[in-house]
Amino acid sequence: MTPSFENLLVTGGCGFIGANFIRHLLHETGFSGRIVNLDLLTYAGNPENLAGVAEDFPDQYVFVHGDVADEATVEAVFDAHRVDAVCHLAAESHVDRSILSPEEFLRTNVTGTFRLLEAARRRGVRFHHVSTDEVYGSLVTGLATEQTPYRPASPYAASKAASDHLVRAYHATYGLFATISNCSNNFGPYQFPEKLIPLMILRALLGQELPVYGDGKNVRDWLHVTDHCRALWEVLVRGQAGETYNVGGGEQLDNLAVVRQICALVDEAAGPLASGPRENLVRFVPDRPGHDFRYALSVEKIRAELGVAPRETFEAALAKTVAWYLENPAWVARVESGEYREWIKANYEGREKGAS
Ligand code: NAD
Ligand code: TYD
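Numbering of residues starts from 1 in every chain and runs along the sequence as written. By the order in which they are written, chains take letters starting at A while ligands take numbers starting at 1. Residue-level local features of this predicted model are given only where pLDDT is at least 70; pairs of side-chain atoms are given and counted only at 80 or more, and the full residue set underlies all totals for whole chains, interfaces and linings. Side-chain descriptors were evaluated using all non-hydrogen atoms of the structure, hydrogens and water having been removed beforehand.

Asker: Looking at this structure, how should I read the overall build of the protein chain?
Answerer: Under the DSSP-based scheme used, a helix requires at least four consecutive residues in state H or I and a strand at least two consecutive residues in state E, with every element numbered from the N terminus. Counting secondary structure elements, the protein chain contains 13 helices and twelve strands. Over its C-alpha trace the protein chain gives a radius of gyration of 20 Å, about what one expects of a compact globule, namely 21 Å for 356 residues. Expressed as lengths along the three principal axes of its C-alpha atoms, the size of the protein chain is roughly 60 × 50 × 40 Å. Out of the 356 residues belonging to the protein chain, those deemed buried represent 56%. Taking contacts inside the protein chain between residues at least 6 apart in sequence as the whole, the part at least 24 apart equals 84%. Carbon and sulfur atoms make up 51% of the accessible area of the protein chain, which totals about 14800 Å². Positive and negative side-chain charges in the protein chain, numbering 33 and 46 respectively, have mean positions lying 2 Å apart. Atoms counted for the radius of gyration: C-alpha only. Globule rule: 2.2 Å times the number of residues to the power 0.38. Using a 1.4 Å probe on the protein chains alone, a residue whose accessible area is under 20% of its type maximum counts as buried, one over 50% counts as exposed, and one in between counts as partly exposed. In what follows, a contact means two residues having at least one pair of non-hydrogen atoms within 4.5 Å. Note that accessible areas follow from Shrake-Rupley with a 1.4 Å probe, and for residues the cover is restricted to the protein chains shown. For the purpose of charge, His is not counted, nor are the chain termini; Lys and Arg are scored as positive and Asp and Glu as negative. Working definition for charges: the position is that of NZ of Lys, CZ of Arg, CG of Asp or CD of Glu.

In structure tokens form, the structure reads like this:
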């Protein structure tokens, strides 16, 4: 289906999912319009995630260094680039950081979404909001549907819940063409090694201890990032105004099972350690405060209405992900040493934010 827009604003495009999504747009969808990537380049934003894109697609891709919570920046980007659709991914995204320091989560996730909604409403621009299954809170049994009441437990989940409510309010009150997707835990290339899967891959590779929170029995629904990107495109192009779509892998695993699989894959690829299998590196550490026990999503609606279903199995996608981290030591080294921040300082810190 041909999209109804030509100038797509992607926020947070230098992050994990944003970078995969921009690559997906350019390589897999046949989208011939322009992509404007507005990103503040926080610790989670790494322009190296989009290496080669500006050079390979000079007529289709533009980067703007700026803050989604800054009104003047957002207004200027909409006008300068004649934005006619938004895919909003920019966020503070890590639960542990939200526990230590929640304020930035409110600023970016709530105020930032508000600024973008205001700009979109004034211009009648189509708006897609990328959200999380964590808004539904921990489930004892069953699956969360799009009708499940919100019960966020972490400051991260609460900030995403607040932003989801704002998006719905803008649709109901102002008639904004808005859609929301609530996705489960993603994994794949370019994920910052603070989240479970890349953290465990890189620590296992180095033979470091593997910190598993609590008893490792917490359950997550895992989705490979390319399956998320396909779903985002379909919702952006064919989603109905005011609708919410759950996106998930349908494969629920406890954390210990995930870590054990990673250990086996790294043992196989890198050879065992002298001290024995990497599984021996698992250490049970004090639990995360308010740790949600189980997330599990019903993905029936997106399958029935938009024909979207995951293509990857967890096992095969995890093997590919382990291989990606092993095959990209330069990216890993620059992230682990913090060198990627030096590149950002040299290239962007002298420039006025929002000036592109
Ligand atoms: P990420 O942390 O890897 O990337 C976030 C990006 O947003 C970074 O490039 C960062 O620089 C940018 N950013 C942060 N604050 C900004 C601001 N004020 N202005 C402009 N840019 C800013 O996050 P991710 O894992 O790629 O997640 C992307 C989106 O998907 C988020 O909205 C997140 O809530 C949602 N989501 C993530 C997952 C997951 O498993 N990672 C699952 C479901 C939903
Ligand atoms: P994470 O990747 O932080 O995603 P989220 O909290 O958004 O689900 O964590 C996934 C699961 O792994 C979660 O139950 C917490 C757990 N976890 C650990 O056990 N050890 C770790 O070092 C991390 C980062 C997470």
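Asker: Is there a simple way to explain the sheet that holds strand 4 (residues 85-88) in this structure?
Answerer: Backbone-to-backbone hydrogen bonds join strands into a sheet, with any given pair of strands oriented parallel or antiparallel. The strand order across the open sheet built from seven strands is 3-2-1-4-5-6-10, with neighbouring strands paired in parallel fashion. Looking at which strands have only one partner, the edges of the open sheet turn out to be strand 3 (61-65) and strand 10 (244-247). Averaged over all neighbouring strand pairs, the angle between strand axes comes to 20°, with direction disregarded. Of the strand pairs in this sheet, strand 1 (residues 7-11) and strand 2 (residues 34-39) are connected by five bridges, and their pairing is parallel. Looking across to strand 2, one finds that T11 is bridged to L38. Two strands pair under a simple rule: DSSP has to find at least two bridges between them. The axes are straight lines fitted to the C-alpha atoms, using for helices just the contacting stretch, and the angles between their N-to-C directions are given from 0 to 180°.

Asker: Explain the site of ligand 1 to me, please; I cannot follow it from the model alone.
Answerer: Working definition: residue near molecule or strand if any one of its non-hydrogen atoms lies within 4 Å of it. Near ligand 1 lie 29 residues; those nearest to it are I17, D39, S93, Y156 and K160. F16 places a polar main-chain atom, nitrogen or oxygen, 3.1 Å from an oxygen atom of ligand 1. Pairs of N or O atoms are called polar contacts if they sit within 3.5 Å, as long as, within protein, a hydrogen donor faces a hydrogen acceptor (for residues adjacent in sequence, only side-chain-to-side-chain pairs). Taking D67, its side chain carries an N or O atom lying 2.8 Å from a nitrogen atom of ligand 1. Bound to the protein, ligand 1 loses 97% of the 830 Å² it would expose on its own. If you list the elements that add at least two residues to the shell around ligand 1, you get helix 1 (16-28), helix 5 (103-123), strand 5 (126-132), helix 6 (155-174) and strand 7 (185-187). Classification used: nonpolar for Ala, Val, Leu, Ile, Met, Phe, Trp, Tyr, Cys and Pro, charged for Asp, Glu, Lys and Arg, polar for all others including Gly. When the residues that make up the shell around ligand 1 are grouped by side-chain class, the tally is 13 nonpolar, twelve polar and four charged.

Asker: How should the side chain of R230 be read in this particular structure?
Answerer: One can find R230 in helix 8 (residues 225-238). Given the relative accessible area of 16%, R230 is considered buried.

Asker: When you look at helix 7 (residues 196-206) in this model, what are you seeing that I'm missing?
Answerer: An α-helical turn contains 3.6 residues, so any two residues separated by three or four positions project in the same direction. Regarding helix 7, the residues found buried are I197, P198, M200, I201, L202 and A204. Contacts made by the buried residues of helix 7 are with strand 7, strand 8 (210-213), strand 9 (219-224), helix 9 (255-270), helix 11 (314-327) and helix 12 (329-337). After helix 7 finishes, the residue G207 shows a positive phi value of roughly 75°.

Asker: Where do I start with the site of ligand 2 in this structure?
Answerer: Around ligand 2 there are 17 residues in total, and E134, L196, R220, R288 and H291 lie nearest to it. At 2.8 Å from an oxygen atom of ligand 2 is found a main-chain nitrogen or oxygen belonging to L196. In isolation ligand 2 has 510 Å² of accessible area, and contact with the protein removes 96% of it. Listing elements by their share of the shell around ligand 2, those giving two or more residues are helix 7 and strand 8.

Asker: What is the right way to look at the sheet that holds strand 11 (residues 251-254) in this model?
Answerer: Taking strand neighbours across the sheet as the criterion, the three strands line up as 7-9-11 in an open arrangement whose pairing is mixed. What marks the edges here is a single partner per strand, and that holds for strand 7 and strand 11. Along the sheet, successive strands turn relative to each other by an average axial angle of 45°, direction set aside. Relative to strand 9, strand 7 is paired through three bridges, and the arrangement is parallel. Each bridged residue has a counterpart across the sheet, and for F187 the counterpart in strand 9 is H224. Along the sheet, helix 11 contacts strand 7, strand 9 and strand 11; its crossing angle with strand 7, the most-contacted strand, is approximately 50°.

Asker: Would you mind showing me how to read the pattern of salt bridges here?
Answerer: Should the charged atoms of two oppositely charged side chains come close, the side chains can pair. Salt bridges are counted wherever a side-chain nitrogen of Lys or Arg sits within 4 Å of a carboxyl oxygen of Asp or Glu. Considering all chains together, one arrives at 22 salt bridges under this definition. A salt bridge links E312 to K320, with the nearest nitrogen and oxygen atoms 2.7 Å apart. The class of E312 is partly exposed, set by a relative accessible area of 24%. Residue class for K320 comes out partly exposed when judged on its relative accessible area of 45%. Each of E75, D79, E118, R121, R122 and R123 takes part in a single network of salt bridges with overlapping partners.

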